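Residue-level listing of the chains:
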Amino acid sequence: MANTIKAQTRIANKVFYRFKQAGKFLSKTNFKNEDFKASENVGGAYNYRRPSKVTTVSTATDAIGTVPTVGSAPTYSSYTEPTLQLVVAKKFAQRFVISQQDMTLALTEEQVLSRQVEQGVITMRRQIEAYAAGVAMAGTGQVIGTPGAPATGTTLLENFSKAAALMNNRGLEDDGMRVALVTEAQSVAMQTYGRTLFNPTEVISKLFRTGGLGQYSNLNFAHTPLLPGDKVTIASVGSPVIDGAGQSAGAVWTQTWTPKTKGWTPGAVIPAGTLIKLTNGSTDINWVVPDTFVDTGTPATFRVVSTVTADGSGNATLTLTEPLIGPLTGAGASTNGYQNVTALPVDGAVITVLNNVATHSPALVFDSNAVLGVSPEIYVPPSIKSKTERIDGISVTFIESADPFNFAPIWEVQAMVGFVDGLPEGVVTVC
């Protein structure tokens, strides 16, 4: 095996190359590695500020000398900058053991790569991609389309346009870096339309050859088998409603809010990942455009963060993301600058569970600044042979070691990662 040990650097370079080729999601994630210390272990965390709210005043010609009432940030004396937390949550590792039989063969570096390493490192990249996509999906409740009833053809295309419009309407700047990761089924459903709509002949020719999807509504499309399913199973939902008027996340953005609810089937298990929407009477509570507070026409949807079981009377307190922040109420109240929905839920507002369906495999559409990631370097003692390279934001470390029982060579590829939805309004699932 002397030849493979000497070839470690060349093998490492090929490992890094294979890692880079294996995925699409990570290259568009907003990594914050510079804020974490090298070798920061699993559990390391950092708080990030949400975009600040500012107070803007304007005066009409006939109102010079007066300051109109506008609602943006709270007063400076009471202002608290909203934050969210990014945590180094997982360590991934692939271990490659060279057998005694392979040792006697004196494998070449190409053989080590093809037999032992190549597929393993691709698998690890895909596992990290799938984990990141799952975190992104779990951190937002925004959904376009009907879960469990996948759209096809022009309807599916329109849903992607609506997802892009929703991000625009909720205040995110379209920088041309938005990504739509679609399931294989959605990819097939879109092929015919993607090859003909608004594409010149040479682009259509390329799409036929590669099976790619190109761009639509300024979204960069790619299909992937790594998106998590987004269905939950609740044996019996009951008729849940909001228990008590005026419940919300408050006046300032927070990552979650906790409404009291009732009417669930007694003992019903409401799993993490459950999507809900709220209706006052016959009127959905919708998202609004920030600062103008105009109704976007899109129902506000929220996701259960942690599993909860309804008590014997059907009561349950849910923890939901993202927060519901309504207009201020009461005498002399002005508009709250963090308002994101058209109205607060009334007592008895109807809760509709959206993804308690047989199947639900949506696309994941996200803004390039919406998902934050971290991957600190792994500390390796100088006496141990290793090489580290940052690939699409991930610090990938290739380490040479040995099995202590039979002294067979071991190679490990390791990475520590964490992800969070920094801007939940910039992530949408599309059915």
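Source: prediction; values computed, not measured.

Participant: Any chance you could explain the overall build of the protein chain here in plain terms?
Facilitator: Per the secondary structure count, the protein chain includes 7 helices and 26 strands. Within the protein chain, the proportion of its 431 residues that are buried is 48%. Considering only residue pairs separated by 6 or more positions, the protein chain has 78% of its internal contacts joining residues 24 or more positions apart.

Participant: Looking at this model, I keep getting lost on the layout of surface pockets. Mind explaining?
Facilitator: Any space left empty among the atoms is revealed by the rolling of a water-sized probe across them. Each pocket or cavity is described by its volume, and for the second largest pocket that value is around 230 Å³. Contributing to the lining of the second largest pocket are 15 residues, with Ala138, Gly139, Gln255, Val305 and Thr321 lying nearest its centre. Listing elements by their share of the lining of the second largest pocket, those giving two or more residues are helix H4 (109-138), strand S16 (301-304) and strand S25 (409-421). Considered class by class, the residues forming the lining of the second largest pocket number 8 nonpolar, 5 polar and 2 charged.

Participant: Quick question: what am I supposed to make of the pattern of salt bridges here?
Facilitator: Close approach of charged atoms allows side chains with opposite charge to pair. The final tally for this structure, using the stated rule, is 10 salt bridges. Notably, a salt bridge pairs Arg125 with Asp392, separated by 3.2 Å at the nearest N-O pair. Of the two residues, Arg125 is situated in helix H4 and Asp392 in the loop between strand S23 (386-391) and strand S24 (394-402); the sequence distance between them amounts to 267 residues. Across the pair, exposure class does not vary: Arg125 and Asp392 are buried alike. For Arg303, the salt bridge goes to Asp230, with nearest N and O atoms at 2.8 Å. Here Asp230 lies in the loop between strand S8 (219-223) and strand S9 (238-242) and Arg303 lies in strand S16, a separation of 73 residues in the sequence. According to the relative accessible area criterion, Asp230 is buried, its value standing at 5%.

Participant: Sorry, what's going on with the side chain of Thr296 here?
Facilitator: Looking at where Thr296 falls in the secondary structure, it is placed in strand S15 (residues 295-299). Within polar-contact distance, the side chain of Thr296 engages the backbone nitrogen of Thr298 at 3.2 Å. What Thr296 contacts, discounting residues up to four positions off in sequence, is Leu166, Asn169, Trp287, Val288 and Val289.

Participant: What's the story with unusual backbone geometry in this structure? I'm lost.
Facilitator: Apart from glycine, the bulk of residues carry a negative phi angle, and the bulk of peptide bonds sit in the trans form. Following Thr321, the chain continues to Glu322 via a peptide bond in cis, the omega torsion being -5 degrees. Position of Glu322 relative to the elements: it lies in the loop between strand S19 (320-321) and strand S20 (350-353). With a phi close to 50 degrees, Asp392 is a non-glycine residue in the positive phi region.

Participant: I keep staring at the sheet that holds strand S5 (residues 143-144) and nothing clicks. Help me out?
Facilitator: Two modes of strand pairing occur in sheets, parallel and antiparallel, and in both the strands are linked by backbone hydrogen bonds. As summarised here, the arrangement of the 6 strands in space is S5-S26-S21-S6-S8-S7, forming an open sheet in which the pairing is mixed. Looking at which strands have only one partner, the edges of the open sheet turn out to be S5 and strand S7 (215-216). Here S5 runs beside strand S26 (residues 427-430); their pairing, made up of 2 bridges, is parallel. Bridging across to S26, Ile144 finds its partner in Val430.

Participant: Would you take a moment to explain the environment of Thr359 for this structure?
Facilitator: Position of Thr359 relative to the elements: it lies in the loop between S20 and strand S21 (363-366). Here Thr359 falls in the exposed class, since its relative accessible area comes to 52%. Taking the C-alpha atoms as reference points, Thr359 and Gly148, separated by 211 residues in sequence, lie 5.4 Å from one another.

Participant: I would appreciate a short explanation of the pairing of S8 in the present structure.
Facilitator: The pairing of strand S6 (residues 179-182) with S8 spans 4 bridges and is classified as parallel. Across the sheet, residue Val179 finds its bridge partner in S8, namely Asn220. Note that S7 and S8 share 2 bridges and pair antiparallel. By the bridge assignment for S8, Tyr216 is matched with Leu219.

Participant: Explain the environment of Asn13 to me, please; I cannot follow it from the model alone.
Facilitator: The topology assignment puts Asn13 in helix H2 (residues 8-21). Asn13 sits in the partly exposed class, given a relative accessible area of 35%. Sequence-wise, Asn13 and Thr388 are 375 residues apart; in three dimensions their C-alpha atoms are separated by 9.8 Å.

So, how was this worked out
- Residues numbered from 1 in each chain as written.
- Predicted model: local features only at pLDDT ≥ 70, side-chain atom pairs only at ≥ 80, totals over all residues.
- Heavy atoms only, no water.
- Helix = DSSP H or I, 4+ residues; strand = E, 2+ residues; numbered from the N terminus.
- Buried < 20%, exposed > 50% of the residue type's maximum accessible area, 1.4 Å probe, protein only.
- Contact = heavy atoms within 4.5 Å.
- 1 Å grid on protein atoms, 1.4 Å probe; cavity = no way out; pocket = protein on both sides within 12 Å on 5 of 7 lines; lining within 4 Å.
- Points joined across faces, edges and corners; volume = space filled by probe spheres on them.
- Nonpolar A, V, L, I, M, F, W, Y, C, P; charged D, E, K, R; others polar.
- Salt bridge = Lys/Arg side-chain N within 4 Å of Asp/Glu carboxyl O.
- Polar contact = N/O pair within 3.5 Å; in protein donor to acceptor, adjacent residues only side chain to side chain.
- Pairing = 2+ DSSP bridges.

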